[in-house]
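Summary of structural features
The chain contents come next:
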Amino acid sequence: MHLSLEHIEKEMAGQPVPGRLADYRIYLAALYSLRAAEMQKILGGKAALWLDIRAEKNSDTATDREWETTTGGQREIQLKWELRRIDKLSSAINTKLRVMEGEARNQF
């Protein structure tokens, strides 16, 4: 089975198994860490390039728009939204696990 955000989202829509949810949280934490490290590298190089772009532009807004057309800028946007997805999905899994734990305690 190939694990992906889409696969986890589909499973969350059904009746997921608690053990599998815990595994998903571990996967999401690792994925978040990898993506955050990539974002760190992009932002590290952004400052110098941004200043070079700014020298040719009339405003910070124009510079930001130009940055967003670069490969690094496009990847930054993708990573920003992927990190948000991972964060929200991990939070939803945590909530589901807490609810399942509460339900299990009330059954015994």
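Anything mentioned here points back to the structure above.
As the structure is a computational prediction, the values presented were derived from the model and not from experiment. (Residues numbered from 1 in each chain as written. Predicted model: local features only at pLDDT ≥ 70, side-chain atom pairs only at ≥ 80, totals over all residues. Heavy atoms only, no water.)

**Remarks on helix 2 (residues 18–54)**
Where we set the bar: Numbered from the N terminus, helices here are DSSP runs of H or I no shorter than four residues, and strands are runs of E no shorter than two. Expected span, for any helix, means 1.5 Å times one less than how many residues it has. The term bend refers to the angle at a residue between two fitted axes, each drawn through seven residues, those ending there and those starting there. Partly exposed describes any residue whose relative accessible area lies between the buried limit of under 20% and the exposed limit of over 50%, with all areas from a 1.4 Å probe on protein chains only and scaled to the type maximum. Here, two residues are considered to be in contact whenever any of their heavy atoms come within 4.5 Å of each other.
Counted at 1.5 Å a residue, the expected span for helix 2 with its 37 residues is 54 Å, and the 51 Å between its end C-alpha atoms agrees. A bend of about 35° at Lys46 is the largest found in helix 2. Here helix 2 has its buried residues at Leu21, Tyr24, Leu28, Leu31, Met39, Ile42, Lys46, Trp50 and Ile53. Residues of helix 2 that are buried in the fold lie against helix 1 (5–13), helix 3 (60–68) and helix 4 (71–107).

**Details of the environment of Thr63**
Owing to a relative accessible area of 0%, Thr63 belongs among the buried residues under this scheme. Measuring from C-alpha to C-alpha, the distance between Thr63 and Asp52 comes to 9.3 Å, with 11 residues separating the pair along the chain. Excluding residues that lie within four positions of it along the chain, Thr63 makes contacts with Trp50, Ile53, Arg54 and Lys57.

**As for the nonpolar core**
Most often, soluble globular proteins have nonpolar side chains that are buried together. Definition in use: In this text, buried Ala, Val, Leu, Ile, Met, Phe, Trp, Tyr and Cys residues form a nonpolar core when linked through side-chain atoms within 4.5 Å.
Grouped together as the largest cluster of nonpolar side chains are 11 residues: Leu5, Ile8, Met12, Leu21, Tyr24, Leu28, Leu31, Ile86, Leu89, Ile93 and Met100. Elements that contribute at least two residues to this core include exactly helix 1, helix 2 and helix 4. Setting aside anything within four residues of it in sequence, one finds Leu28 in contact with Leu5, Ile8, Ile86, Leu89, Ser90 and Ile93. Counting residues in each nonpolar core, the second largest holds 7 residues, with Met39, Ile42, Trp50 and Leu83 among its members.

**Things to note about the pattern of salt bridges**
Cut-off, in case you're wondering: Whenever Lys or Arg places a side-chain nitrogen within 4 Å of a carboxyl oxygen from Asp or Glu, that contact is recorded as a salt bridge.
The full count for this structure, using the stated rule, is 9 salt bridges. Lys46 is the partner of Glu76 in a salt bridge, and the nearest nitrogen-oxygen pair spans 3.4 Å. Of this pair, Glu76 sits in helix 4 while Lys46 sits in helix 2, and the two are 30 residues apart along the sequence. Note on accessibility: Glu76 and Lys46 belong to one class, buried.

**Topic: the packing of helix 2 against helix 4**
Stated precisely, the cut-off is as follows: Axis lines are fitted through C-alpha atoms, for helices just across the contact stretch, and the angle between N-to-C directions can take any value from 0 to 180 degrees. Should an angle lie under 35 degrees it is considered roughly parallel, over 145 roughly antiparallel, and from 65 to 115 roughly perpendicular; all remaining angles are considered oblique. Handedness of each helix crossing follows the sense of rotation of the near helix against the far helix: counterclockwise by less than a right angle gives left-handed, clockwise gives right-handed. When residues are sorted by character, Ala, Val, Leu, Ile, Met, Phe, Trp, Tyr, Cys and Pro go into the nonpolar class, Asp, Glu, Lys and Arg into the charged class, and all the rest, Gly among them, into the polar class.
At their nearest, the axes of helix 2 and helix 4 sit 9 Å apart, and the two run at 155° to each other. Taken together, helix 2 and helix 4 sit at an angle that is classed as roughly antiparallel. Judged by the sense of rotation from one axis to the other, the crossing of helix 2 with helix 4 is left-handed. A per-class count over the contact of helix 2 with helix 4 returns 18 nonpolar, 3 polar and 10 charged.

**Description of the environment of Glu11**
You can see Glu11 is positioned in helix 1. Taking C-alpha positions, Glu11 is 15 Å from Ile86, a pair spaced 75 residues apart along the chain.

**Description of helix 1**
The cut-off we apply is this: Here the arc refers to the set of directions running from the helix axis out to each C-beta atom.
For helix 1, the full list of buried residues reads Leu5, Ile8, Glu11 and Met12. Projected down its long axis, helix 1 shows its buried positions confined to an angular sector of 125°, all on one face. Those residues of helix 1 that are exposed and angled more than 90 degrees off the buried face are Lys10 and Ala13. Tucked into the core, helix 1 has its buried residues touching helix 2 and helix 4.

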